[in-house]
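# Understanding the architecture of this molecule
Here is what each chain is made of, one letter per residue.
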Amino acid sequence: MINKTVNNVQEALIGVKDGMTLMLGGFGLCGIPENSISELVKLGVKNLTCISNNAGVDDFGLGLLLKKKQIKKMISSYVGENDEFERQMLSGELEVDLIPQGTLAERCRAAGAGIPAFYTPAGYGTEVAEGKETRDFNGKMHILEHAFEADFAFVKAWKGDTAGNLIFKGTARNFNPMMAMAGKITVAEVEELLEAGELNPNEIHTPGIFVQRIFQGKDYEKRIEQRTVRQKS
Amino acid sequence: MALDKIGIAKRIAQELQDGWYVNLGIGIPTLVANYIPKGINVEFQSENGILGMGPFPYEGEEDADLINAGKQTVTLLEGASIFDSALSFAMIRGQHVQLTVLGAMEVAENGDIANWKIPGYMVKGMGGAMDLVSSAENIIVAMMHTNKKGESKILKRCTLPLTGVKCVKKVVTDLAVLEVTNDGFKLIERAPGVSVQQIKNATEGTLIIEGDIPEMVL
């Protein structure tokens, strides 16, 4: 068994430098690597390109990095919940590349799967297709999209083991598995770190081969963005 | 009288067919889930990774690890499944989802839709909308017929940046049900108490009116 564990978040982030491209898992605030984001804020690394479906909210998630102006460019599909983001974008301080969500997911997956580019119909005939190769397959137009490259991928799982195997919980899975595949160095933080052999191999979502560093996370806030409930009748 | 958002959702719910997997967008489309016709089984797909999405949880049972695409806390129904974002969009692009319902800022008579950006004013992003509209065979748009100034949102050509081209099949507004045809918007039904003339006045795109137009039955 190859042991992937590191002692803490500080060790997990060794090698992160200014100007790097980072992937960060999560959908909204669900399944985001809270510990790694906090440490990126502490490290103060700048000019980052961040690939993440959303940009957090003003005071949580990637919003914390935005507030400290550590992000140069954001690659996302939806950024509607962050006023600071909108301010930086409209003032031109922040470069933003908005891309369709399925294309974002597939560009991560492709990066980890050794597929340099692929055709998708998403965005054909829109701004997203500008400057891209197009091609007709079976009478339908598609655009060529390229795999991402990322220096680090930060993912968050529910359970993990010392071999780097990961299991996600609920919709906190989202982009985490394909980002784990894509990072040159993938850092996984987990709510519960177990010994190799303690997870059922049949239930593992992300095999340890994709994970270079794993650590026991702590103090998860797991903030809910839209608390919606129904009344008991 | 023009329909409210619930009325639009109720009318769209009549389009559901037994055995369909359905993706509902944020806003009015989400309400459709509350009005599934009796005797019909459908499963809702949420693009952040759920099939078999249930209603909001009871107070105290919210789970931060279980949300819908609008980031709202939800529940799972029996037989539900959870998956990652790549698999979710494989279902969508692979046309395994039978119906997509989404909102729009503008729809054009050729089926073009715009719903993600107002240049210089509002840029929130397309989320999964471009993937959905580029692939779904059956797309219904839920929207108000006019904007707050009373200007038509049912147009000859969209003026805002497009989300997808020639993809919308049907539009349900507060005033009417319209089908997108090769010749323009075909008027299918009127909202209760709304006249054909009112709908004509509120529609900038080509409107095709054939025979008597029935009222919606909600």
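Residues numbered from 1 in each chain as written. Chains lettered and ligands numbered in written order. Predicted model: local features only at pLDDT ≥ 70, side-chain atom pairs only at ≥ 80, totals over all residues. Heavy atoms only, no water.

### Quick notes on the overall build of chain A
- Scanning chain A for helices and strands turns up six helices and 11 strands.
- Expected size for 233 residues packed as a compact globule is a radius of gyration near 17 Å; at 18 Å, chain A falls within 12% of this value.
- Principal axes of the C-alpha set define a box for chain A whose edges measure 55 × 50 × 40 Å.
- Going through the 233 residues of chain A one by one, you find that 55% of them count as buried.
- Here the analysis covers contacts within chain A between residues at least 6 apart in sequence; of these, 72% occur between residues at least 24 apart.
- Of note, chain A has its 27 positive side-chain charges centred 2 Å away from the centre of its 31 negative side-chain charges. (Helix = DSSP H or I, 4+ residues; strand = E, 2+ residues; numbered from the N terminus. Rg over C-alpha atoms; globule rule 2.2 N^0.38 Å. Buried < 20%, exposed > 50% of the residue type's maximum accessible area, 1.4 Å probe, protein only. Contact = heavy atoms within 4.5 Å. Lys, Arg positive; Asp, Glu negative; His and termini not counted. Charge placed at Lys NZ, Arg CZ, Asp CG, Glu CD.)

### Section: the interface of chain B and chain A
- Chain B puts 49 residues into the contact, and the matching count from chain A is 51 residues.
- A buried area of about 4200 Å², summed over both sides, lies between chain B and chain A, and 58% of it is on carbon and sulfur atoms.
- When the area that chain B buries against chain A is broken down by residue, the three leading residues are Asp65(B), Lys71(B) and Lys124(B), summing to 19%.
- Of the charged contacts in the structure, one is a salt bridge between Asp65(B) and Lys222(A), with a shortest N-O distance of 2.5 Å.
- At the level of secondary structure, the elements contributing two or more residues to the side of chain B that touches chain A comprise α3 (85–93), β9 (122–123) and α4 (129–135) of chain B.
- Of the residues assigned to the side of chain B that touches chain A, the class counts are 22 nonpolar, 15 polar and 12 charged. (Buried area = accessible area lost by both parts, 1.4 Å probe. Salt bridge = Lys/Arg side-chain N within 4 Å of Asp/Glu carboxyl O. Nonpolar A, V, L, I, M, F, W, Y, C, P; charged D, E, K, R; others polar.)

### A look at the side chain of Ser88(B)
Residue and element names in this part refer to chain B.
- Within the element layout of this structure, Ser88 appears in helix α3.
- Owing to a relative accessible area of 0%, Ser88 belongs among the buried residues under this scheme.
- Side chain to side chain, Ser88 and Gln45 meet in a polar contact 3.2 Å long.
- The contact partners of Ser88, leaving out residues within four places of it in the chain, are Gln45, Ser46, Glu47, Gly49 and Phe83. (Polar contact = N/O pair within 3.5 Å; in protein donor to acceptor, adjacent residues only side chain to side chain.)

### Notes on the environment of Asn176(A)
Residue and element names in this part refer to chain A.
- In this fold, Asn176 is placed in helix α6 (residues 176–182).
- By relative accessible area, Asn176 is classed as buried at 0%.
- Linking Asn176 and Ala157, residues 19 residues apart in sequence, is a C-alpha distance of 7.8 Å.
- For Asn176, the residues in contact, after removing those within four places along its chain, are Gly25, Gly26, Gly31, Phe154, Val155, Lys156 and Phe168.

### Describing the pattern of salt bridges
- According to the stated counting rule, one finds 23 salt bridges over all chains in the structure shown.
- Ionic pairing is found between Glu106(A) and Arg109(A), a salt bridge with its closest N-O pair at 3.1 Å. One end of the pair is Glu106(A) and the other is Arg109(A), both in helix α5 (residues 101–113) and three residues apart, which spans about a single turn.
- Judged by its relative accessible area of 14%, Glu106(A) falls in the buried class.
- The closest approach of N and O atoms between Glu189(B) and Arg11(B), which form a salt bridge, is 2.9 Å. With Glu189(B) in strand β14 (residues 184–190) and Arg11(B) in helix α1 (residues 5–13), the pair connects residues that are 178 residues apart, well separated along the chain. In this pair, the class of Glu189(B) matches that of Arg11(B), namely buried.
- One network of salt bridges, in which partners are shared, links Lys156(A), Lys169(A), Glu191(A), Lys222(A), Asp63(B) and Asp65(B).

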